[in-house]
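Residues per chain, in single letters:
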Amino acid sequence: MFIKRQIRNIEVPLSSEITPRALFESRRDFMRHVAVGSIAGGALLETLTQTALAQTPGAQKLAAKANAAYVVMDKQTSFKDASTYNNFYEFGTDKSDPAQNAGTLKTRPWTIAIEGEVKKPLTLDIDALLKLAPLEERIYRLRCVEGWSMVIPWIGYSLSELIKKAEPTGSAKYIEFVTLDDKKQMPGVYERVLQWPYTEGLRLDEANHPLTLLTVGMYGEVLPNQNGAPVRVVVPWKYGFKSAKSIVRIRFLKEQPKTAWNVSAPHEYGFYSNVNPAVDHPRWSQASERRIGEDGFLARKRKTLMFNGYSEVAPLYAGMDLKKFF
Ligand SMILES: Nc1nc2c(c(=O)[nH]1)N[C@H]1C(S)=C(S)[C@@H](COP(=O)(O)O)O[C@H]1N2
Ligand SMILES: [Mo]
């Protein structure tokens, strides 16, 4: 039933006693191994439907090819929920603040500086960045550390495409994302809730993992300001706060960078912050999550999956104690 509803026109033989986890895995494998044609067609159909539902009036459309290898078949979160229930503290700490206040963000002109341990430091204009590699649509789960999740059709390309251009030196081991810090455009920056600018970081191999998406759009359009326009990252196997919004600088480093949430509460937010149902937040469990848009009277909580279901990243952490490196 469930499967039939999710994957149009395709019958998937699965018995009802399969665990959600196994179900999830088999669906992903299914996506990868079945002839791309029909699946990509299905994904495209979904895209067109979503796009037709129209998003921000007057927003610029962004053409992107659905990448069938990166499509979560869960029901998509509505554009309305994804663009009105946000964390973007530079525009306020309430979930509704970013949608209300981010209108003041100016996304043109915009440049991204690439610097540090690279052979080719460069400053890229946002419009050049948009053309650096073909834009893809990928439907990812996003799991916030607070215990809710969404399923969003993002548009972008693997961050590795940009990293390739910068040619990191042999000593580059980490990457730091520095985001816009401008009181004139961002009313939340007057509050001392976090250190500004908001910064985040990844190990270079995490940054180079094909799943790590340099993101410029969603739901067929350029990113709404409140979702991190004009450019952000989405790292789907990590808690949402690792996915830094409105990036102005990417630094390649020898040492692990400080990150905004780790600085504010080091015992609560580690550098890695991989989604991990077995490692509780000191103040709450991370074993389950609430899918935004499914919070009706009878809505059940979903089990949170290791690495948010993106099990292909497991080799990045081989031999590491993920309780210690949380
Ligand atoms: N610059 C910046 N990036 C940020 C944040 C922020 O406050 N500032 N919040 C993070 C958190 S906690 C989450 S859950 C995601 C939310 O992304 P979304 O609003 O597009 O769903 O953005 C992340 N990126
Ligand atoms: Mo979050």
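Residues numbered from 1 in each chain as written. Chains lettered and ligands numbered in written order. Predicted model: local features only at pLDDT ≥ 70, side-chain atom pairs only at ≥ 80, totals over all residues. Heavy atoms only, no water.

An unreviewed UniProt entry annotates the protein chain as Protein-methionine-sulfoxide reductase catalytic subunit MsrP originating from Herbaspirillum hiltneri N3. Entered under Subunit (unreviewed entry) in the UniProt record, the comment concerning the protein chain runs "Heterodimer of a catalytic subunit (MsrP) and a heme-binding subunit (MsrQ)." Under Sequence similarities (unreviewed entry), UniProt gives the following word-for-word description of the protein chain: "Belongs to the MsrP family." (UniProt positions renumbered as here; feature names shortened; annotations may be inferred.)

Participant: Can you walk me through the nonpolar core in this structure?
Facilitator: Across soluble globular proteins, nonpolar side chains have a tendency to be buried as a group. Ranked by size, the top nonpolar core spans 86 residues in total, and within it Leu129, Leu159, Ile175, Phe177, Trp237, Ile250 and Phe252 carry the most contacts. Here the element with the most residues in this core is strand E5 (residues 148–158); it accounts for seven residues. With residues up to four places along the chain from it excluded, the contact list for Phe177 reads Leu159, Tyr198, Thr199, Glu200, Gly201, Leu202, Val233, Ala244, Ile247, Arg249 and Ile250. (Core = buried A, V, L, I, M, F, W, Y, C linked by side-chain atoms within 4.5 Å. Buried < 20%, exposed > 50% of the residue type's maximum accessible area, 1.4 Å probe, protein only. Helix = DSSP H or I, 4+ residues; strand = E, 2+ residues; numbered from the N terminus. Contact = heavy atoms within 4.5 Å.)

Participant: Mind showing me how you'd approach the pairing of strand E2 (residues 111–116) here?
Facilitator: Look at any regular strand and the pattern is simple: side chains alternate between the two faces of the sheet. Here four bridges tie E2 to strand E3 (residues 122–125), and the two strands are oriented antiparallel to one another. In the sheet register, Ile112 faces E3, and the bridge partner there is Leu124. A loop of five residues connects E2 with E3, the two strands running antiparallel in sequence. Pairing of E2 with strand E11 (residues 247–253) involves four bridges; the strand directions are parallel. When the sheet's bridge partners are listed, Glu115 is paired in E11 with Arg251. (Pairing = 2+ DSSP bridges.)

Participant: Help me out: how do you make sense of the site of ligand 1 in this one?
Facilitator: Around ligand 1 lies a shell of 18 residues, among which Asn86, Tyr89, Glu90, Arg232 and Lys245 are the nearest. Ser243 places a polar main-chain atom, nitrogen or oxygen, 2.9 Å from a nitrogen atom of ligand 1. Relative to its free-state accessible area of 540 Å², ligand 1 is covered by the protein chains to the extent of 98%. Grouping the amino acids of the shell around ligand 1 by side-chain chemistry returns nine nonpolar, six polar and three charged. (Near = heavy atom within 4 Å. Polar contact = N/O pair within 3.5 Å; in protein donor to acceptor, adjacent residues only side chain to side chain. Areas by Shrake-Rupley, 256 points an atom, 1.4 Å probe, with all protein chains shown as cover. Nonpolar A, V, L, I, M, F, W, Y, C, P; charged D, E, K, R; others polar.)

Participant: Any chance you could explain the sheet that holds E2 here in plain terms?
Facilitator: Within a beta sheet, neighbouring strands are joined by backbone hydrogen bonds and run either parallel or antiparallel to one another. Ordered by their spatial adjacency, five strands build an open sheet running E3-E2-E11-E6-E7, and the pairing between neighbours is mixed. If you trace the sheet from one side to the other, it starts and ends with E3 and strand E7 (199–203), each paired once. Going across the sheet, the axis of each strand differs from the next one's by a mean of 15°, ignoring polarity. Across five bridges, the pairing between strand E6 (residues 174–179) and E7 is antiparallel. Each bridged residue has a counterpart across the sheet, and for Phe177 the counterpart in E7 is Glu200. (Axes fitted to C-alpha atoms, helices over the stretch in contact; angles between N-to-C directions.)

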